[in-house]
2 protein chains.
Amino acid sequence: MQRRITIKEVAEAAGVGVATVSRVLSGGSASAETREKVLAAAARLDYRPSALGRNLRRQRTGGIGLLVPDITDSFYARLADGVLSCARSYGEPVTVGVTGDDPEREAELIGTLIEQSMDRLIAVPSGDGEMWGPALRAGLNVVFADRRVRADVPSVVPDDRAGVLTAVEYLAGLGHRKIAYLGRHGQSQRVAAFTSAIASLGLPADRDLVVHARSSRDSAYAAAAGLLQHRADVTAVIAGGNVLGEAAVLAARELDVRIPRDVSLIMFDDVPWAELCSPPLTVISQPAQDIGYRAAELVFRQGRRPPAVTLPTQLVVRASCGPKASARR
Amino acid sequence: MQRRITIKEVAEAAGVGVATVSRVLSGGSASAETREKVLAAAARLDYRPSALGRNLRRQRTGGIGLLVPDITDSFYARLADGVLSCARSYGEPVTVGVTGDDPEREAELIGTLIEQSMDRLIAVPSGDGEMWGPALRAGLNVVFADRRVRADVPSVVPDDRAGVLTAVEYLAGLGHRKIAYLGRHGQSQRVAAFTSAIASLGLPADRDLVVHARSSRDSAYAAAAGLLQHRADVTAVIAGGNVLGEAAVLAARELDVRIPRDVSLIMFDDVPWAELCSPPLTVISQPAQDIGYRAAELVFRQGRRPPAVTLPTQLVVRASCGPKASARR
DNA sequence: CTGAAAGCGCTAACAC
DNA sequence: GTGTTAGCGCTTTCAG
């Protein structure tokens, strides 16, 4: 391992003190002449300031941490892409962790990040936000993405209320009355929006009409299949994410229930394959990449920040919804 | 920002010296009694050793860097997931960067990682491997994933030769002779395998039958559309990745060329939607997550490492390939 | 405007 | 077995 050039060597090469080098390189004041000398020496030696040294001294890390439930889920991948893209413009590294929507694992990852003295963190929180107390008190600069679970943490979220309402209204307009919501744990926001939308349209309320899956394809499939199997009376389902939508289509095929003839399907999150699917899926598109980007902007912002920014969703009608079918069986 | 507990405070609380605390916490020798005291004090104060301090002293970072062309591409997302999963078992953080398959951007990211004193790096290299010289000489512990562009860097790659050969043979068996390869830049391996497979089966060689796209959906679509439009004589295409496959299906629909009636399609990389697609896509599946996991194992391994590990691919026949059609138009 | 010096938190010699 | 101490590379007072 080749030894690394240090500020001291640059100072010697330039014939100045280390403090001067530090100042010049961080844009402090210096005479034009000195500046020149230092810059030349640094360039000549190909000097790279050690982030370790700087961070230790400064007692903070520039970089940012990013916690997502599942990087394999297109939605979170796009969200991450947004964060990465913003961070790149700041030249700051981002450390990502996968929580699997498990609060325990999340806490563990937060611990790792704290050990790194990472003081900026973007997270799709997995629990109800309780365990964030300590981290917050420790001074961690956190912003939540996709889910808003605490009022004291700035959050960037899609407009769940509007999105769900649009979906439910659209389905109701097609004559559906028994509409199910297939969600994943941690989406309390959305479930609340769903039940309230159902209520506001005077549709029959039924707790069993919302089904939850954990953060895995298997779990999603099981939930979807269970719903389709046991509730032959539901004529429409809203899948709370692309993995759930995928599971719903798969389960429907397996169980030989036809979309949209037997049941209509609306999926949250527009993904490229939604259009290629048979039938093409009607979706509520969400600005995943934007959510990430905005969250990153927020976490880099020093001053007072808005408590929440809500980004619009959009209904994209394709071919997975039809008029209410007579109940199956 | 709450001040952080330091080793010194733990030492005082336990009534021992700092070195002892350090030793105990890193599993060094100490009497049972002291160990007890230290552990108790550390737990009581909720002490978190600062990675910054340790790394500065040690002159290295535990964590690992990961460079992928596009985190939004399911293949790389799964690869990343594998890396993350392995790193988690070591309790080490991973810093990810997106190169967009651009060597310049890649170099920039490597620079950032070096500033962090990151000494372990997993990369899907974007160029021909030339620019890796300096980084390697600087002692960076690199392993390549998905692509093998330098013999002096351990690599974990899918078995491109076998995969491509299988695909070409399958297609040839169906009667196809004009087979095109739709790849992305940087996949030189695969292109070589393709041309050699074509040759070994005695099919007509034609340089224009391999088309390249850059790392974006738009570029992929343009390449696919161009191929389908200008080469009405090709009756089968192999897409070198899921993004390219998606683009091919989309372009085919747009141009009203039917799969598999007008052209057969084999896609590299099996993704959940391949089965949901209309028609379901025949694919060469690749162990993306495994590639990442194995690469991570390698980068953590200290001693001598195998120069390359090749992971098997598999042909999954679905419905996107048919017998050779008469040339369109 | 510039240099000397004091640490940031930690580990690894080195003494005891 | 345990404590003391010297830095790792850097920024930031504080003098000059």
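Keep in mind that what you see is a predicted model, and the values were worked out from it rather than measured. As a convention, each chain's residues are numbered from 1 in the sequence order in which they are written. All chains are assigned letters beginning at A, and all ligands numbers beginning at 1, according to the order in which they are written. Residue-level local features of this predicted model are given only where pLDDT is at least 70; pairs of side-chain atoms are given and counted only at 80 or more, and the full residue set underlies all totals for whole chains, interfaces and linings. Excluding hydrogens and water, the side-chain values take into account all heavy atoms of the structure.

Trainee: Can you help me understand the overall build of chain A in this one?
Mentor: Along chain A, the regular secondary structure elements total 13 helices and 12 strands. Taken against the 2.2 N^0.38 rule, which gives 20 Å for 329 residues, the C-alpha radius of gyration of chain A at 25 Å runs more than 25% over that of a compact globule. Dimensions of chain A, computed from the C-alpha atoms along their principal axes, are close to 90 × 40 × 35 Å. A 1.4 Å probe rolled over the protein chains alone gives each residue an accessible area, and that area as a share of the maximum for its type sets the label: buried under 20%, exposed over 50%, partly exposed in between. By the burial criterion, 54% of the 329 residues in chain A qualify as buried. Contacts between residues were defined by any pair of non-hydrogen atoms, one from each residue, lying within 4.5 Å. A separation of at least 24 residues holds for 69% of the contacts in chain A among residues at least 6 apart in sequence. In the form shown here, chain A has an accessible surface area of approximately 13900 Å², with 50% of it arising from carbon and sulfur atoms. Between the mean site of the 40 positive side-chain charges and the mean site of the 36 negative ones, chain A shows a separation of 4 Å. Here a strand is any run of E in DSSP of at least two residues, a helix any run of H or I of at least four, and the numbering for each starts at the N terminus. Values of the radius of gyration come from C-alpha atoms, whereas the globule rule sets the reference at 2.2 Å times the count of residues to the power 0.38. Each accessible area is a Shrake-Rupley result for a 1.4 Å probe, and residues are judged covered by the shown protein chains and nothing else. The convention is simple: Lys and Arg are positive, Asp and Glu are negative, and His and the chain ends are not counted. A single reference atom marks each charge: NZ on Lys, CZ on Arg, CG on Asp, CD on Glu.

Trainee: What should I look at first to understand the relation of the copies chain B and chain A in this one?
Mentor: Superposing chain B onto chain A takes a rotation of 180° plus a shift of 0.0 Å along the axis, which leaves an RMSD of 0.1 Å. Here the symmetry operator amounts to a two-fold rotation axis. By residue overlap, the copies meet face to face through one surface: 100% of the interface positions of chain B are interface positions in chain A. Least squares is used to superpose the copies, and the fit set is the C-alpha atoms of residues whose pLDDT is at least 70 in both copies.

Trainee: It is not clear to me how the protein's contact with DNA strand D should be interpreted in this structure. Could you clarify?
Mentor: Residue proximity to a molecule or strand is established when one non-hydrogen atom of the residue lies within 4 Å of it. Surveying the vicinity of DNA strand D reveals 26 residues, the closest of which are Ile7, Tyr47 and Arg57 of chain A together with Thr20 and Arg23 of chain B. In DNA strand D, the atoms that sit within 4 Å of the protein are 58% sugar and phosphate, with bases accounting for the remainder. Take Gly17 of chain B: an N or O atom from its main chain is 2.8 Å from a phosphate oxygen of DNA strand D. We call two N or O atoms a polar contact when they sit within 3.5 Å, provided that within protein one can donate a hydrogen and the other can accept it, with sequence-adjacent residues counted only if both atoms are side-chain atoms. In this structure, Gln59 of chain B approaches DNA strand D through a side-chain N or O atom, which is 3.0 Å from a sugar or linking oxygen. Only helix H2 (18–25) and helix H4 (51–58) of chain A together with helix H2 (18–25) and helix H4 (51–58) of chain B provide two or more residues apiece to the surface near DNA strand D. Residues are sorted three ways: Asp, Glu, Lys and Arg are charged, Ala, Val, Leu, Ile, Met, Phe, Trp, Tyr, Cys and Pro are nonpolar, and all the rest, Gly among them, are polar. Residues that form the surface near DNA strand D fall into these classes: 9 nonpolar, 11 polar and 6 charged.

Trainee: Would you mind showing me how to read the pattern of salt bridges here?
Mentor: It is possible for side chains of opposite charge to pair when their charged atoms get near one another. Residue and element names in this part refer to chain A. Only one rule defines a salt bridge in this text: a Lys or Arg side-chain nitrogen within 4 Å of an Asp or Glu carboxyl oxygen. On inspection of all chains with the given rule, the structure shows 36 salt bridges over all chains. Put simply, Arg217 and Glu246 hold a salt bridge, and the shortest N to O gap is 2.9 Å. Residue Arg217 is located in helix H10 (residues 217–230), and its partner Glu246 is located in helix H11 (residues 242–254); the two are separated by 29 residues in the primary sequence. Owing to a relative accessible area of 6%, Glu246 belongs among the buried residues under this scheme. Residues Arg318 and Asp270 are paired through a salt bridge, measuring 2.5 Å at the closest nitrogen-oxygen approach. Here the residue Arg318 occupies a position in the segment after strand E12 (314–316), and Asp270 occupies one in the loop between strand E9 (264–268) and helix H12 (272–276), the gap between them amounting to 48 residues.

Trainee: Is there a simple way to think about the sheet that holds strand E12 (residues 314–316) of chain B in this case?
Mentor: Strand pairing in a sheet relies on backbone hydrogen bonds. The paired strands run either parallel or antiparallel. Residue and element names in this part refer to chain B. Strands sit in the order E7-E6-E8-E9-E10-E12 across an open sheet of 6 strands; the sheet is mixed. Of all strands in the sheet, those bounded by a partner on one side alone are strand E7 (210–213) and E12. Direction aside, the axes of adjacent strands within the sheet are offset by 20° on average. Strand pairing is defined by DSSP finding a minimum of two bridges between the two strands. Pairing geometry for strand E10 (residues 282–285) and E12, over 3 bridges, is antiparallel. Bridging from a neighbouring strand, Val283 pairs with Val316 of E12. To obtain each axis, a line is fitted to C-alpha atoms, and for helices this fit is confined to the stretch in contact; angles are then taken between N-to-C directions over 0 to 180 degrees. Most of the contacts of helix H9 (residues 188–200) go to strand E6 (residues 179–184), to which it runs at about 170°, and overall it touches E6, E7, strand E8 (236–239) and strand E9 (264–268). Contacts from helix H10 (residues 217–230) reach E6, E7 and E8 within the one sheet, and its direction differs from that of E7 by about 155°.

Trainee: What is the right way to read empty space enclosed by the protein from this model?
Mentor: Think of a ball as big as a water molecule: rolled over the atoms, this probe shows where empty space is left. Within this scheme a cavity is a closed region of a 1 Å grid, computed over the protein atoms alone, that accommodates a 1.4 Å probe without allowing it to escape, whereas a pocket is open but has protein on both sides within 12 Å along at least five of seven lines; lining residues each have an atom within 4 Å of a point. Grid points are joined across faces, edges and corners, and a volume is the space filled by probe spheres set on the points. What the rule picks out here adds up to 8 cavities of 30 Å³ or more. Looking at the largest cavity, its volume works out to about 200 Å³. The set of elements that each furnish at least two residues to the lining of the largest cavity consists of H4 of chain A together with H4 and strand E2 (94–98) of chain B. Among the residues forming the lining of the largest cavity, the class breakdown is 8 nonpolar, 8 polar and no charged. The volume enclosed by the second largest cavity comes to roughly 100 Å³. As for the second largest cavity, its lining consists of 14 residues, and the residues nearest its centre are Phe75, Tyr76, Gln187, Gly240 and Gly241 of chain B. Elements that contribute at least two residues to the lining of the second largest cavity include exactly helix H5 (74–90) and helix H11 (242–254) of chain B. Among the elements that line the lining of the second largest cavity, the one with the most residues is H11 of chain B, at 3 residues. By residue class, the composition of the lining of the second largest cavity is 4 nonpolar, 5 polar and 5 charged.

Trainee: So what exactly am I meant to see when it comes to the protein's contact with DNA strand C here?
Mentor: Taken together, 25 residues are adjacent to DNA strand C, and Thr20, Arg23 and Thr34 of chain A together with Tyr47 and Arg57 of chain B come closest. Restricting attention to atoms of DNA strand C within 4 Å of the protein, one finds that 62% of them are sugar or phosphate atoms. Interatomic distance of 2.8 Å between a side-chain N/O atom of Gln59 of chain A and a sugar or linking oxygen of DNA strand C. Within the side chain of Arg54 of chain B, one N or O atom sits 3.3 Å away from a phosphate oxygen of DNA strand C. At the level of elements, H2 and H4 of chain A together with H2 and H4 of chain B are the ones that each hand at least two residues to the surface near DNA strand C. Examining the composition of the surface near DNA strand C, we find that 4 residues originate from one element, H4 of chain B, more than from any other.

Trainee: I keep staring at the side chain of Asp70 of chain B and nothing clicks. Help me out?
Mentor: Note on placement: Asp70 of chain B falls in the loop between strand E1 (64–68) and H5. In this structure Asp70 of chain B touches Tyr76, Val98 and Ser215 of chain B, once residues within four positions along its chain are discounted.

Trainee: Would you mind going over the environment of Asp218 of chain B with me for this structure?
Mentor: All names here are of chain B. Its place among the elements puts Asp218 in helix H10. Relative accessible area serves as the criterion here: at 65%, Asp218 is assigned to the exposed category. Expressed as a C-alpha distance, the spacing of Asp218 and Ala247, which sit 29 residues apart in the sequence, is 8.3 Å.

Trainee: Any chance you could explain the packing of H2 of chain A against helix H3 (residues 32–45) of chain A here in plain terms?
Mentor: Axes are the key here: two packed helices are described by the angle between their axes and the distance separating the axes. All names here are of chain A. Interhelical geometry of H2 versus H3 gives an angle of 90° and a closest axis separation of 10 Å. In terms of axis orientation, H2 runs roughly perpendicular to H3. Contacts from Thr20, Val21, Val24 and Leu25 of H2 reach H3 at Thr34, Arg35, Val38 and Leu39. Its residues assigned to classes, the contact of H2 with H3 shows 5 nonpolar, 2 polar and 1 charged. In what follows, roughly perpendicular refers to angles from 65 to 115 degrees, roughly parallel to angles under 35, roughly antiparallel to angles over 145, and oblique to any angle outside these ranges.

Trainee: How should I be thinking about the sheet that holds strand E6 (residues 179–184) of chain A in this particular structure?
Mentor: Residue and element names in this part refer to chain A. The mixed open sheet is built from 6 strands, whose spatial order is E7-E6-E8-E9-E10-E12. The open sheet has two edge strands, strand E7 (210–213) and E12, and neither has a second partner. For this sheet, the mean angle separating the axes of adjacent strands, direction not counted, is 20°. By the bridge criterion, 4 bridges tie E6 to strand E8 (residues 236–239) in an arrangement that is parallel. When the bridges of E8 are listed, Ile179 appears paired with Ala236. Packing of H10 onto the sheet brings it into contact with E6, E7 and E8, and relative to E7 it is tilted by some 155°.

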